[in-house]
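One letter stands for each residue in the lines below.
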Amino acid sequence: MAFERAVVIGASVAGLLASAALAERFGRVTIVERDELPTEPEPRRGVPQGAQVHALLAIGIRSMNELVPGFVDDLVAAGAEPIDQGNDIPIYNPTGWIARGKSEAQVVAVRRPVLEHVLRSRVTALPNVEIIAGTATGLLATDDKRRVTGVALKRSATDELFADLVVDASGRASRSTRWVEDLGYPQVGERQLNIGIGYATAVVNLPEDALPDGVRGILGPPSPALPRGCAVMACGSGQYQLAALSMGGEEIPTEREAYLRYLESGPTPLVGQIARK
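Residues numbered from 1 in each chain as written. Predicted model: local features only at pLDDT ≥ 70, side-chain atom pairs only at ≥ 80, totals over all residues. Heavy atoms only, no water.

1. Some remarks on the packing of helix H1 (residues 13–22) against helix H5 (residues 112–124)
- Packing of H1 against H5 brings their axes to within 10 Å, and their N-to-C directions diverge by 25°. Regarding the angle of H1 to H5, the classification is roughly parallel. When you trace H1 past H5, the crossing you get is left-handed. Residues Val13, Leu16, Leu17, Ser19 and Ala20 of H1 form the contact with H5, whose participating residues are Arg112, Leu115, Glu116, Leu119, Arg120 and Val123. (Axes fitted to C-alpha atoms, helices over the stretch in contact; angles between N-to-C directions. Helix = DSSP H or I, 4+ residues; strand = E, 2+ residues; numbered from the N terminus. Parallel < 35°, antiparallel > 145°, perpendicular 65-115°, else oblique. Left-handed = near helix turned anticlockwise from the far one by under 90°. Contact = heavy atoms within 4.5 Å.)

2. Topic: the sheet that holds strand S4 (residues 81–84)
- Judged by pairing direction, the sheet is antiparallel, and its 3 strands sit side by side in the order S3-S7-S4 without closing on themselves. Here the strands that pair on one side only, and so sit at the sheet edges, are strand S3 (53–56) and S4. The average angle at which neighbouring strand axes cross in this sheet is 30°, direction not considered.
- Here 4 bridges tie S3 to strand S7 (residues 106–111), and the two strands are oriented antiparallel to one another. Across the sheet, the residue bridging to Leu56 is Val108, located in S7. (Pairing = 2+ DSSP bridges.)

3. Quick word on the sheet that holds strand S11 (residues 160–162)
- The 3 strands lie next to each other as S9-S10-S11, forming an open sheet whose pairing is antiparallel. The strands lining the two open edges of the sheet, one partner per strand, are strand S9 (135–141) and S11. Adjacent strand axes in the sheet meet at a mean angle of 30° when their direction is disregarded.
- Sheet topology places strand S10 (residues 148–154) next to S11; 3 bridges connect them, and they run antiparallel. Counted as the bridge partner of Val151 is Leu161 from S11.

4. Quick word on the pairing of strand S15 (residues 228–236)
- A large share of S15 lies buried, amounting to 8 of its 9 residues.
- Between the antiparallel neighbours S15 and strand S16 (residues 239–246) lie 2 residues, among them Ser237 with a positive phi of about 60°. (Buried < 20%, exposed > 50% of the residue type's maximum accessible area, 1.4 Å probe, protein only.)

5. Things to note about unusual backbone geometry
- Although it is not a glycine, Lys145 adopts a positive phi angle of roughly 65°.
- Its place among the elements puts Lys145 in the loop between S9 and S10.
- Take Lys145: its relative accessible area is 37%, and that puts it in the partly exposed class.
- Its identity is not glycine, yet Arg155 carries a phi of approximately 50°, on the positive side.
- Considering the arrangement of structural elements, one finds Arg155 in the loop between S10 and S11.

6. Some words on the pattern of salt bridges
- For the structure on display, the rule yields 13 salt bridges.
- Across the pair Glu33 and Arg44 runs a salt bridge, and its minimum N-O distance is 3.4 Å. With Glu33 in strand S2 (residues 26–33) and Arg44 in the loop between S2 and S3, this pair connects stretches of sequence that are 11 residues apart. As far as burial versus exposure is concerned, Glu33 and Arg44 are alike and both buried.
- The salt bridge involving Asp74 is made with Arg122; its shortest N-O contact spans 2.8 Å. Of this pair, Asp74 sits in helix H3 (residues 71–77) while Arg122 sits in helix H5, and the two are 48 residues apart along the sequence.
- Via salt bridges that share partners, Glu33, Asp35, Arg44, Arg112, Glu116 and Arg120 belong to a single interconnected network. (Salt bridge = Lys/Arg side-chain N within 4 Å of Asp/Glu carboxyl O.)

7. A short note on the pairing of S10
- Counting buried positions along S10 yields 5 of 7 residues, so the element is predominantly enclosed.
- Two strands pair when backbone bridges link them, and S9 and S10 are joined in this way by 6 bridges, in the antiparallel orientation. Bridged to Ala136 within S10 is Leu153.
- Taken together, S10 and the strand that follows it, S11, pair antiparallel across an intervening segment of 5 residues, in which Arg155 is found at a positive phi of about 50°.

So, to be careful, I would describe these as geometric facts and stop short of saying anything about function.
In structure tokens, the structure reads:
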């Protein structure tokens, strides 16, 4: 059974993948995005962690390729780094170095702007998917409020967009729980758990010999015994991301020299030493 239209709120990674899936069952998929989307792989306001390196895990790679065939090949062609997580990333934990070896734990390391740009290009190339500018302000519904019929918009070419299905992929800016309340339904329960995890990152260029042969990164995760952690990881196009990690509320400095000393004080000093190269 084919439906006429689906509306997806947000051109995020979740929104784009949802649109690719919906395009198989809906005659038209309309993505509503409030940001002005860049034409090149650049950070945007609606993605607060947009500069971070993203590691697509094996199951994510398989799922994305099923929805968008050839997507990961396009990522690699755009500069993403294929990594064997079991072999290419030495990990130092409280008991020492974890044994390394060839594995099936394949990941792809890529910066978020490149990930979004490649995915957006592939999904919007589908003949029945479109992105329109606008901000969703609420849900449209039948008179008895039992069925959602679309979304209300502002800063768009239309004030109302009717649909058979509405998907909210707007992330942490989502207002869907409030919109459901506006339809007369009970407040949605919410629980929070503060896990006390923090990190501060920097994307850098390193000398070609900064890491040993066959190594694409190093990870020293924090632990209760040492709440400081450190990491360096290839993130595509010849660049690396440094990461100072913390747990239990350990504060991470942002001044350059103090940041480097923090990296050196992690489980292994190697990350700090590499960062100074």
